[in-house]
Amino acid sequence: MPRSGVDPAQLREAVAAVAGWLVDENAPEPSRAELAVAVRLTARAIAQSAPGSSVEVRVPPFVAVQCISGPRHTRGTPPNVVETDPRTWLLLATGAMDFDAAVAAGRVSASGGRAGEVAHWLPIV
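A short tour of the structure in this document, coming up. Remember, predicted model here, so these are calculated numbers, not experimental data.

1. Here's the deal with the pattern of salt bridges
So, point 1. For the structure shown, the criterion picks out three salt bridges.
So, point 2. When the shortest N-O distance is used, the salt bridge between R58 and E83 registers 3.8 Å. Separated by 25 residues along the polypeptide, R58 in strand β1 (residues 55–59) and E83 in strand β3 (residues 81–84) bring together distant segments of the chain.
So, point 3. Notably, a salt bridge pairs R114 with E117, separated by 2.8 Å at the nearest N-O pair.
So, point 4. Under the relative-accessibility criterion, R114 is labelled partly exposed at 24%.
So, point 5. Overlapping salt bridges, with partners in common, bring together E56, R58 and E83 in one network.

2. Brief notes about helix α2 (residues 32–49)
So, point 1. Taking 1.5 Å per residue as the helical rise, α2 with its 18 residues ought to reach 26 Å, and the 26 Å between its terminal C-alpha atoms agrees with that figure.
So, point 2. Three or more residues of α2 are buried, namely L35, A36, A38, V39, L41, T42, A43, R44, A45, I46 and A47.
So, point 3. Considering only its buried residues, α2 is in contact with α1 (8–23), β1, β2 (63–67) and α3 (86–93).

Scoring rules and cut-offs
- Residues numbered from 1 in each chain as written.
- Predicted model: local features only at pLDDT ≥ 70, side-chain atom pairs only at ≥ 80, totals over all residues.
- Heavy atoms only, no water.
- Salt bridge = Lys/Arg side-chain N within 4 Å of Asp/Glu carboxyl O.
- Helix = DSSP H or I, 4+ residues; strand = E, 2+ residues; numbered from the N terminus.
- Buried < 20%, exposed > 50% of the residue type's maximum accessible area, 1.4 Å probe, protein only.
- Expected span 1.5 Å × (residues − 1).
- Contact = heavy atoms within 4.5 Å.

Following this line, the structure appears as structure tokens:
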């Protein structure tokens, strides 16, 4: 999977492969490979839509991307970090969950003054 330029058709296909699980958390969990592709493509899509290096979006164990223009961070822990689990990330990416509600519920960790700007770029799909 190339690091630059997310193919919209591949993105839609990857999200469609996990959609049943997103809609119903009791549905069978997608394979690790399907989940990894959906998470990586959606994260890379936000980095493509909001290029920059001022906020780091982390979805362990699959991906970490930098996005949103502003001061570039180069060493150590970035000052603006958004971190969440794969399912929550995909719910945010598809618009099935609101960013502020996810933060309030403790499903998303958003640290730093600019971390909340990620919400402006959601949903992705």
